[in-house]
Amino acid sequence: MIWARAEGCRVWDPEGREYLDLSGGFGVAALGHRNPCVMEAIAAAPVAHALGDLADAEVTAELRRRLPWPSKLGVTGEDAVEIALRTALLATGRPRIVAFDGAYHGTGLLALAAGGFERFRAPFAAWLPGPVERRPFGEDPGELPHDTACVIVEPVQGRAGARVPPTDFLPTLRRRSDDAGALLVIDAIYAGSGRVGELWPGEDVADVMCVGKALGGGLPLSAALFLREGLADVWMLGPEDVYTHTHVGNPLACAAALVVLEEVPKLLPRVRDAGERFGRAGWHGAGLMRARRGDFEAAERNGVIVIPAGEDGSLISATPPLTITDEEIDEALARIGAS
């Protein structure tokens, strides 16, 4: 499918057919496609590109100040995961990663090694780093190996199909990490920035939190947030940053992110209410991260964009803009019901 135009919760193909977008561009368009405030901030940015780690634009420096914890910025969600995992290695000197079945952390080699989707991992198995130990999601992992650098976990699993763990799961991981002297990395790239009804899900237990997707308001931006004091200091390895990109801290994306940080907290009660509307219609999950059994191609034929999900691809996932109205939800669900 080709998108020719997008606005709010709707997109149009080159033939002019309109679709209701329950994907939100993989959860990126939290404030809706082409949100006027985001578009205005981008258009007004006096700097379009700075010098990555060598020189920030003013708006990039302002974003760093506005984030609630010290951060290291990235471009993609995978960057944030890579930064978090490398932080654990630098901080502990240990190699092992404990991760979970059904996890999705990105498709770069280190993120892929921690992920739980074998169809993504298998073609590159010979090159995957490690060691990585995988445990069942939602269950007590037990005592961690002595060489564990970190545990990495999603507060709600996204690609696996909006899987919500028991309420004691994250506190148990915090306790297990403390016992082993390991870091706890919360991958809130998909679930964060308001998606599950919280701005920073897992903040009460995390040492490092990965955020992305919705953070940039539609533009590529991510961050590893260092909630444990002193973790940012482990990256002070010399005059040159040893993990960076040309587009780190892109000023246009940072200008959009400032809008996201201003507007999303106002939407959190609405996200919870809208999520309950999905729940009453049989969609499991949290907030506006929802899933149910279905056929994404059939939904598309009826004018609704959803994402295939689940480890076996049998689910459809809804991660619409947080601005979606009740009328748009009802219209989309009616169309899916007719699939």
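See the structure printed just above.
Residue indices begin from 1 for each chain and proceed along its sequence in written order. Restriction of local features to residues with pLDDT of at least 70 applies here, the model being predicted, together with a cutoff of 80 or more for giving and counting side-chain atom pairs; totals for whole chains, interfaces and linings are based on all residues. As a convention, hydrogens and water are excluded, and side-chain values are obtained from all of the structure's heavy atoms.

Undergrad: So what exactly am I meant to see when it comes to the nonpolar core here?
TA: Across soluble globular proteins, nonpolar side chains have a tendency to be buried as a group. Buried residues of nine kinds, namely Ala, Val, Leu, Ile, Met, Phe, Trp, Tyr and Cys, make up a nonpolar core once their side-chain atoms join them within 4.5 Å. Buried means the residue's accessible area, taken with a 1.4 Å probe over protein chains only, is under 20% of the maximum for its type, while exposed means over 50%, and partly exposed covers the values in between. Leu22, Val153, Ile186, Trp200 and Leu225 are the most contacted members of the largest nonpolar core, which totals 66 residues. We count a stretch as a helix when DSSP gives it H or I for four or more residues in a row; a strand needs E for two or more, and each element gets its number in order from the N terminus. Considering every element that reaches this core, the biggest residue donor is helix 8 (residues 251-280), with 15 residues. Counting residues in each nonpolar core, the second largest holds 25 residues, with Val81, Ile189, Cys210 and Tyr243 among its members.

Undergrad: Before we go on, may I ask you to explain helix 4 (residues 77-92) in this structure?
TA: Three- or four-residue spacings in an α-helix give side chains the same orientation, since the helix completes a turn every 3.6 residues. In a regular helix each residue adds 1.5 Å, so 16 residues correspond to 22 Å; helix 4 covers 23 Å between its end C-alpha atoms and thus fits that length. Taken together, the buried positions of helix 4 are Gly77, Asp79, Ala80, Val81, Glu82, Ile83, Ala84, Leu85, Thr87 and Ala88. Looking one or two places after helix 4, you find Gly93, whose phi comes out positive at around 75°. By this rule the span expected of a helix is its residue count minus one, scaled by 1.5 Å.

Undergrad: Any chance you could explain the pattern of salt bridges here in plain terms?
TA: Where charged atoms from two side chains of opposite charge approach closely, those side chains can pair. A pair is scored as a salt bridge if a Lys or Arg side-chain nitrogen falls within 4 Å of a carboxyl oxygen belonging to Asp or Glu. Scanning the entire structure with this criterion turns up 23 salt bridges. The closest approach of N and O atoms between Arg86 and Glu82, which form a salt bridge, is 2.8 Å. Separated by four residues within a single helix, Arg86 and Glu82 lie in helix 4, roughly one turn from each other. A relative accessible area of 11% places Glu82 in the buried class. With a closest N to O distance of 2.8 Å, Asp326 and Arg270 form a salt bridge. Placement of the pair is Asp326 in helix 10 (residues 326-337) and Arg270 in helix 8, with a sequence separation of 56 residues. Among the residues examined, Arg270 registers a relative accessible area of 24% and is labelled partly exposed. A network of salt bridges, in which partner residues are shared, links Arg10, Glu18, Glu328, Glu331 and Arg335.

Undergrad: In this structure, what is going on with the sheet that holds strand 11 (residues 284-286)? I would like to understand it.
TA: The strands that make up a sheet pair up through hydrogen bonds in the backbone, lying either parallel or antiparallel. A pair of strands is treated as paired once DSSP finds two or more bridges between them. Spatially, four strands are ordered 11-12-15-14 in an open sheet, and the strand pairing comes out antiparallel. Unpaired on one side and paired on the other, strand 11 and strand 14 (307-309) mark the two borders of the sheet. Neighbouring strand axes in the sheet, compared pairwise and without regard to direction, differ in orientation by 25° on average. The axes used here are C-alpha line fits, helices contributing only the stretch in contact, and every angle between their N-to-C directions lies in the interval 0 to 180 degrees.

Undergrad: I would appreciate a short explanation of helix 8 in the present structure.
TA: Between its first and last C-alpha atoms helix 8 spans 41 Å; for 30 residues at 1.5 Å apiece the expected length is 44 Å, and the two agree. To get the bend at any residue, fit one axis to the seven residues that end at it and another to the seven that begin at it, then take the angle between the two axes. Maximum bend of helix 8: about 45°, positioned at Leu268, with proline Pro269 one to four residues after it. Polar contact criterion, stated in full: a pair of N or O atoms within 3.5 Å, where within protein one must be able to donate a hydrogen and the other to accept it, and residues adjacent in sequence count only if both atoms are side-chain atoms. Of the residues that open helix 8, the one with a side-chain oxygen 3.1 Å from the backbone nitrogen of Leu252 is Asn250. Just downstream of helix 8, Gly282 is the residue with a positive phi angle, here 95°.

Undergrad: Which parts of the structure should I look at to understand the pairing of strand 12 (residues 289-293)?
TA: Residues in a regular strand point their side chains to alternate faces of the sheet. Pairing of strand 11 with strand 12, which is carried by three bridges, proceeds in the antiparallel orientation. For Ala286, the partnering residue across the bridge sits in strand 12 and is Met289. One ladder, built from four bridges, connects strand 12 with strand 15 (residues 315-318); its direction is antiparallel. Note on strand 15: the bridge partner recorded for Arg292 is Ile316.

Undergrad: Mind showing me how you'd approach the packing of aromatic side chains here?
TA: For any two aromatic rings, the description comes down to two numbers: the centre-to-centre distance and the angle of the planes. Pairing of aromatic rings covers Phe, Tyr and the six-membered ring of Trp, with a centre-to-centre limit of 6.5 Å; geometry is then stacked below 30 degrees between planes, edge-to-face above 60, and tilted otherwise. For the structure shown, the criterion picks out eight aromatic pairs. Relative to Phe169, the ring of Phe100 has its centre 5.4 Å away and its plane inclined at 75°; by these criteria the two rings are edge-to-face. Linking Phe100 in strand 5 (residues 96-100) with Phe169 in helix 7 (residues 169-180), this pair joins segments that are 69 residues apart in sequence. Residue Phe100 is classed as buried on the basis of its relative accessible area, which comes to 1%. Summarising the aromatic geometry, the rings of Phe278 and Trp283 are spaced 5.6 Å apart at their centres and angled 80° between planes, so their arrangement reads as edge-to-face.

Undergrad: What's the story with the packing of helix 3 (residues 58-66) against helix 8 in this structure? I'm lost.
TA: A packed helix pair is summarised by two numbers, namely the angle formed by the two axes and the spacing between the axes. In the contact formed by helix 3 and helix 8, the axes pass within 8 Å of each other and the chain directions differ by 35°. The hand of the helix 3/helix 8 crossing is left-handed. Residues Val59, Thr60, Glu62, Leu63 and Arg66 of helix 3 lie in contact with helix 8, whose contacting residues are Pro251, Cys254, Ala255, Ala257, Leu258, Leu261 and Glu262. As a working rule, the residues Ala, Val, Leu, Ile, Met, Phe, Trp, Tyr, Cys and Pro are called nonpolar, Asp, Glu, Lys and Arg charged, and the rest polar, with Gly in that last group. Looking at the contact of helix 3 with helix 8, its residues break down into eight nonpolar, one polar and three charged. It is the rotation of the near helix from the far one that decides the hand of a crossing: anticlockwise by less than a right angle makes it left-handed, clockwise makes it right-handed. Should any heavy atoms of two residues lie within 4.5 Å, those residues are considered in contact.

Undergrad: What should I look at first to understand the environment of Asn250 in this one?
TA: With respect to the element layout, Asn250 can be found in the loop between strand 10 (222-226) and helix 8. Contacts of Asn250, omitting those with residues within four sequence positions, involve Ala48, His49 and Thr60. Among the polar contacts made by the side chain of Asn250, one reaches the main-chain amide nitrogen of Ala253 at a distance of 3.1 Å.

Undergrad: Whenever I open this one, the environment of Leu128 confuses me. Can you help?
TA: Its location among the elements puts Leu128 in the loop between helix 6 (118-121) and strand 6 (132-135). C-alpha separation for the pair Leu128 and Arg292, spaced 164 residues apart in sequence, amounts to 32 Å. Not counting the four nearest positions on each side in its chain, Leu128 is found in contact with Leu109, Leu112, Ala113 and Arg121.

Undergrad: I tried to follow a nonpolar patch on the surface on my own but got confused; where do I start?
TA: On the surface, Leu90, Leu237 and Val242 cluster together into a nonpolar patch covering about 250 Å² of accessible area. Summarising the element assignment, Leu237 is placed in the loop between strand 10 and helix 8. By relative accessible area, Leu237 is classed as partly exposed at 47%. Excluding any residue in a salt bridge, patches collect residues exceeding 30% relative accessible area, merging like charges within 9 Å and nonpolar Val, Leu, Ile, Met, Phe, Trp and Tyr side chains within 5 Å. To measure how exposed things are, a 1.4 Å probe is used in the Shrake-Rupley method; for residues, cover is taken only from the protein chains shown.

Read these as geometric descriptors, not functional statements.
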